[in-house]
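# Descriptive structure summary
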Amino acid sequence: MLTFPNSDQSITREAVMRSELKALTEEQTAMDLYRSYFDGDQPLAFSTELFKDIFGDAFEGFKDNWMKVIIAAVNNRMKLTNFHLQADEDGDEITSQVWDVMRLNEIAVQQKDLHEGIMVEGRGFVIVWPDPDIGAIIDWQPGQLCRVFYDPDRRTKALWAVKRWTTETGDLYVTFYTPDMVMKYVDKASGLVEKKPSSSSALTEVPEIGFFSSSLERRNISGEEWPLPNPFGRVPVVEFNNTS
């Protein structure tokens, strides 16, 4: 496993993080295009010249969004109702506790967005983090916001992950996750571009398409360590991939 101590590997860590951000920026182009089609922003590529000669621009912009109909039909039939962990003497009790955590995280609501993103963008994520009140916080994340890097020798083992998103004020935040720690940054160069959400996505957290910067500075949060220790011992970003 590649680890990133606070000092001697900081250069390697930053290089890896910027590489992942660059890859995420490149992948966003296709994902934003899929989302645009889903939202009905589709070019009319099959209008014939005869149709245009007869009707002119009378039906300009008239289109049926069958992509949304098909995905909604599947999504309406997908619902997580329960699950069972491997049977042992505490199996039922653990299953009940985990289900309580998921229920308190309103999984019934979040899964609709997660399933839609898996079918539209081809992937979706959830980020899990400990919580003293309900055990853990589980948050759905759009495909455009995150990227997970896996061990080439074990494709199910995540080595690190990155999340990049735009705040309500237009600031660009970046979080880098490893099995040992979580590092939070703010992109100072984001103030050089117009502060607005992506125009090609219905998801307002998605940054401007194509924007990538290397001007990252630590984002310090009051009462929180930097880097923040990861008590799970594994990357807390879980990917649901639908591209294969």
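To keep things clear, this report deals only with the structure shown in the data block.

Rules and cut-offs
- Residues numbered from 1 in each chain as written.
- Predicted model: local features only at pLDDT ≥ 70, side-chain atom pairs only at ≥ 80, totals over all residues.
- Heavy atoms only, no water.
- Buried < 20%, exposed > 50% of the residue type's maximum accessible area, 1.4 Å probe, protein only.
- Helix = DSSP H or I, 4+ residues; strand = E, 2+ residues; numbered from the N terminus.
- Pairing = 2+ DSSP bridges.
- Contact = heavy atoms within 4.5 Å.
- Patch = residues over 30% accessible without salt bridge, like charges linked within 9 Å, V, L, I, M, F, W, Y side chains within 5 Å.
- Areas by Shrake-Rupley, 256 points an atom, 1.4 Å probe, with all protein chains shown as cover.
- Salt bridge = Lys/Arg side-chain N within 4 Å of Asp/Glu carboxyl O.
- Core = buried A, V, L, I, M, F, W, Y, C linked by side-chain atoms within 4.5 Å.

### Focus on the pairing of strand 5 (residues 172-177)
Of all 6 residues in strand 5, 5 are buried, a share of seventy percent or more. One ladder, built from 6 bridges, connects strand 4 (residues 154-166) with strand 5; its direction is antiparallel. Of the residues in strand 5, the one forming a bridge with Trp165 is Tyr173. Taken together, strand 4 and the strand that follows it, strand 5, pair antiparallel across an intervening segment of 5 residues, in which Gly170 is found at a positive phi of about 95 degrees. Relative to strand 6 (residues 181-187), strand 5 runs antiparallel, the two sharing 6 bridges. Bridging from a neighbouring strand, Tyr173 pairs with Val186 of strand 6. Adjacent in sequence and paired antiparallel, strand 5 and strand 6 are bridged by 3 residues.

### Observations concerning the side chain of Asn75
Mapped onto the fold, Asn75 is located in helix 3 (residues 66-75). Not counting residues within four places of it along the chain, the set of residues in contact with Asn75 comprises Lys112, His115, Glu116 and Met119.

### Comments concerning a nonpolar patch on the surface
On the surface, a nonpolar cluster with roughly 490 Å² of combined accessible area is contributed by Trp66, Val69, Ile70, Val74 and Met78. As for its placement among the helices and strands, Trp66 is situated in helix 3. Judged by its relative accessible area of 58%, Trp66 falls in the exposed class.

### What about the nonpolar core?
Grouped together as the largest cluster of nonpolar side chains are 15 residues, with contacts concentrated most on Val148, Ala161, Tyr177, Val235 and Val237. Elements supplying a minimum of two residues to this core: strand 1 (123-131), strand 3 (146-151) and strand 4. Each residue touching Val148, except ones within four places of it in the same chain, is listed here: Phe125, Ala158, Trp160, Ala161, Val237 and Glu239. Grouped together as the second largest cluster of nonpolar side chains are 13 residues, Met17, Leu21, Leu216 and Trp226 included.

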